[in-house]
Amino acid sequence: MLQIIADGLIIGSVISLGAIGLSMTLSIVRFSNFSHGELLGWGAYLALMASTGLTVLNAGLAAPIGPFSFGWGLLIALLVSGGLTALLALGLDTLLFKRLRKQGAITLVIASFGAALALRNLLLFWQGGVPQYYTQNLQIAIPLLPRSVWGGLRVTPDQLFVLALTLVTVTGLHLFLSRSTLGRSMRATAINPGLARVTGIDPERVLRATWLIGGVLAAVAGVFAGITVQLRPTMGVDLLLPLFAAVILGGIGSIWGAVLGGLIVGLAESASVTVVGAEYRSAAAFAVLIAILMVRPTGLFGEKR
């Protein structure tokens, strides 16, 4: 039981970070961006390339840090990947979505499908279809509780790292949105873009910040997925439906709603693997989504607009 919860929280932390960026796009840019999942895949592979390059320059950067399977090279690569993925997201908006924004949300959604296909196939062409890993170092799970206590609990140091850094990232984003001028401008634009424009808020600046932040979070989520599982060119499309489920479940536009929604989806997927089999993971997550929406149609933290 405890192991299912722990595995669900780890899966949910990855989904939560990706869902935040998608939720921000939905509430501020106001369309469903189906290419967002591919940003996770590109972020993960850009970190792999950066880490490999740093290791070539300095082999010592690949040495594991303490109990973790990765070294400083991957942490530096995470920063590089975050910046490059943010630029990729902003570039997509500048070259594609910005030109189509006046055509309406349906046009943007269709364009995002095309962008997703292009990004996915470019990544497949670049990296091939063979799964890859950030490191070949093996980790032994740490037994936190014996099997006699609710089936026991075992986690790896890498998983604890993912959980801790997810909490730090989400908390930092919350403080940014609630206390900084740009963050408050983004919240105002999400609530009422017309009124925000009248009060002097630059909508283009807010949109640029939305794409940049969403790209950084997608890169972090992709790297975390690569650390805890593996890297695959299709990892973006595999995570896309859980991301949307988390956003809708938590309530569109709510940061903590996206986090809670991601954790619930992760727990549902983890439980379904044990109860009904891994092939029904997505079905279980959406069953929970439907059940909660029947009680609260706007999501857990969503508000009627």
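Structure: see above.
A brief report on the enclosed structure follows. Worth saying up front: this structure is predicted, and the values here are computed from it rather than measured.

### Side note on unusual backbone geometry
Next up, step 1: The backbone of Arg 30 shows a phi angle near 65°, a positive value even though the residue is not glycine.
Next up, step 2: Within the secondary structure, Arg 30 sits in the loop between helix H1 (2-29) and helix H2 (36-57).

### What about the pattern of salt bridges?
Next up, step 1: Evaluated as defined, the whole model comprises 5 salt bridges.
Next up, step 2: Ionic pairing is found between Glu 204 and Arg 101, a salt bridge with its closest N-O pair at 3.7 Å. Linking Glu 204 in helix H8 (residues 203-228) with Arg 101 in the loop between helix H3 (72-100) and helix H4 (105-127), this pair joins segments that are 103 residues apart in sequence.
Next up, step 3: With relative accessibility at 22%, the residue Arg 101 sits in the partly exposed group.
Next up, step 4: As a salt-bridge pair, Arg 232 and Asp 238 come within 3.1 Å of each other at their nearest N and O atoms.

### Examining a nonpolar patch on the surface
Next up, step 1: Together, Trp 72, Ile 76, Val 80, Leu 84, Leu 87 and Leu 212 give the surface a local cluster of nonpolar side chains, amounting to about 530 Å² of exposed area.
Next up, step 2: Counting residues per element, the nonpolar patch draws most heavily on H3, which supplies 5 residues.
Next up, step 3: By secondary structure assignment, the location of Leu 84 is in helix H3.
Next up, step 4: Accessibility expressed as a relative area gives 40% for Leu 84, which makes it partly exposed.

### Topic: H3
Next up, step 1: The end-to-end C-alpha separation of H3 is 41 Å, in line with the 42 Å expected for 29 residues at 1.5 Å each.
Next up, step 2: The largest bend in H3 amounts to roughly 45° and is located at Thr 94.

Rules used in this analysis
Residues numbered from 1 in each chain as written. Predicted model: local features only at pLDDT ≥ 70, side-chain atom pairs only at ≥ 80, totals over all residues. Heavy atoms only, no water. Helix = DSSP H or I, 4+ residues; strand = E, 2+ residues; numbered from the N terminus. Salt bridge = Lys/Arg side-chain N within 4 Å of Asp/Glu carboxyl O. Buried < 20%, exposed > 50% of the residue type's maximum accessible area, 1.4 Å probe, protein only. Patch = residues over 30% accessible without salt bridge, like charges linked within 9 Å, V, L, I, M, F, W, Y side chains within 5 Å. Areas by Shrake-Rupley, 256 points an atom, 1.4 Å probe, with all protein chains shown as cover. Expected span 1.5 Å × (residues − 1). Bend = angle between axes of the 7 residues up to and from the residue.

Any functional reading would require information beyond the geometric quantities listed.
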